[in-house]
Structure formats: C-alpha cells, structure tokens
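Structural description and commentary
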Amino acid sequence: MKKLVLAVAFIGFAGFAMAQQTTPQDRQAKKAEMQQKFQQKEQEHMAQMQKDLNLNQAQVDKIKALHDKRKAEMKTEFEKNKGERQARAEQMKAKRAQMDAEMKQILTPQQYDKWQADRKAKMEQRRMAMKERGTRMHKPMNTVAPDATK
C-alpha cells in the first residue's frame, strides 16, 4: 500500500513538474510584462514624490537622472559579478554530482531511487514555498498613517 501511494505521489510530482516548464517565448513575454510594470511603478512613484514633496520640473528631471545613473551602476555591478556567480554555481554542481556518486556507492539501487525521489519532492516543496513568499511580498501592505499611532 505504501509503495502504491508513493508511486502515485511520485507520478503526480513528475506530472506537475512537467506542467511547470515554460518556453523561451513565454519567458520573454513575462520579462517584457515585468519591465513594463516596473516602468509604470517607477512613473507612479515619481509622480507621488513630485506631489508629496512639491517638486518643480527641474528637480524631477535631476531625480530621474540620478535614478537612471543608479540603475546603470547596478547593472554594471550585476554584469561584473556574473562570472563569479556562474563559477560558484558550477562549483556547487560539481559538489552535488560528487555527493550523488558517493551516495550511489553507499545505497542500494532501491534506496538510491527513493532518496532521489525524496530529494526532488523536497526541492519542489521549497520552490513552491519560495514562489508563495514571492507573491506575498508583492501584495500591497496595509499602512497606518503616522498620526494614527499616537
């Protein structure tokens, strides 16, 4: 009975994982959508700053230039560190492959298969938890006016 339940769960996870794969076109469309949303939020933020701080147009232009400069600096930093991140990722992959090989020598084939299935299931759970945290982070928070707390 346990084997049957485990087999059904494994098939369910495998089917779910296959359904989550996206095409490059989907990724590009999602990236373009995210960029558009980011630009819209940026414009809304600037408009709100202009209203709240009573900024004149010259100040708005200077702030926009400052933001653009900061974005460019961040992008160059990101690109500069990209090689280092890739090297670390490769190092982690090599260590993971070494551990897999050692585990394969220690465990029986059935134990190894079960270990692999459990590890994949846990990884999927972590991925879903991260996705859930990401959606919670982007929801608007209920804010209280500073005067209301006194």
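So, how was this worked out
- Residues numbered from 1 in each chain as written.
- Predicted model: local features only at pLDDT ≥ 70, side-chain atom pairs only at ≥ 80, totals over all residues.
- Heavy atoms only, no water.
- Helix = DSSP H or I, 4+ residues; strand = E, 2+ residues; numbered from the N terminus.
- Buried < 20%, exposed > 50% of the residue type's maximum accessible area, 1.4 Å probe, protein only.
- Expected span 1.5 Å × (residues − 1).
- Bend = angle between axes of the 7 residues up to and from the residue.
- Polar contact = N/O pair within 3.5 Å; in protein donor to acceptor, adjacent residues only side chain to side chain.
- Contact = heavy atoms within 4.5 Å.
- Salt bridge = Lys/Arg side-chain N within 4 Å of Asp/Glu carboxyl O.
- Patch = residues over 30% accessible without salt bridge, like charges linked within 9 Å, V, L, I, M, F, W, Y side chains within 5 Å.
- Areas by Shrake-Rupley, 256 points an atom, 1.4 Å probe, with all protein chains shown as cover.
- Lys, Arg positive; Asp, Glu negative; His and termini not counted.
- Charge placed at Lys NZ, Arg CZ, Asp CG, Glu CD.
- Phe/Tyr/Trp six-rings, centres within 6.5 Å; stacked < 30°, edge-to-face > 60°.

In the annotation of an unreviewed UniProt entry, the entry for the protein chain reads LTXXQ motif family protein, and the organism field reads Chryseobacterium nepalense.

Turning our attention to unusual backbone geometry. Of note, the phi angle at Asn54 is positive, near 55°, even though the residue is not glycine. Assignment of secondary structure puts Asn54 in the loop between helix H2 (24-53) and helix H3 (57-106). Among the residues examined, Asn54 registers a relative accessible area of 68% and is labelled exposed.

Between its first and last C-alpha, H3 extends 70 Å over 50 residues, near the 74 Å set by a 1.5 Å rise per residue. Most pronounced at Lys82, the bend in H3 amounts to some 35°. Every buried residue of H3 is accounted for by Val60, Ile63, Asp100 and Met103. In this structure Asn56 caps H3, since a side-chain oxygen of it lies 3.1 Å from the backbone nitrogen of Ala58.

Turning to the side chain of Asp100, a few remarks are in order. With respect to the element layout, Asp100 can be found in helix H3. You can call Asp100 buried: its relative accessible area is 17%. Contacts of Asp100, omitting those with residues within four sequence positions, involve Tyr112, Trp115, Gln116 and Arg119.

Turning our eyes to something else, we now look at the pattern of salt bridges. Going through the model one piece at a time under the given rule, you end up with eight salt bridges. In this structure, Glu77 engages Lys80 in a salt bridge whose closest nitrogen and oxygen atoms are separated by 3.5 Å. Placement of both Glu77 and Lys80 in helix H3 is noted, with a separation of three residues, approximately one turn of the helix. Overall, Lys80 belongs to the exposed group, its relative accessible area being 58%.

Here we take up a positive patch on the surface. On the surface, Lys31, Lys75, Lys82 and Arg85 cluster together into a patch of positive charge. No other element matches the three residues that H3 contributes to the positive patch. Among the residues examined, Lys82 registers a relative accessible area of 36% and is labelled partly exposed.

Glancing now at the packing of aromatic side chains. Pairs of aromatic rings are described using the distance from one ring centre to the other and the angle between the two planes. Summed over all chains, the structure comprises one aromatic pair. Between Tyr112 and Trp115, the aromatic rings sit 5.9 Å apart at their centres with planes inclined by 40°, giving tilted as the arrangement. Placement of both Tyr112 and Trp115 in helix H4 (residues 109-137) is noted, with a separation of three residues, approximately one turn of the helix. Comparing Tyr112 with Trp115 shows no difference in burial state: the two are buried.

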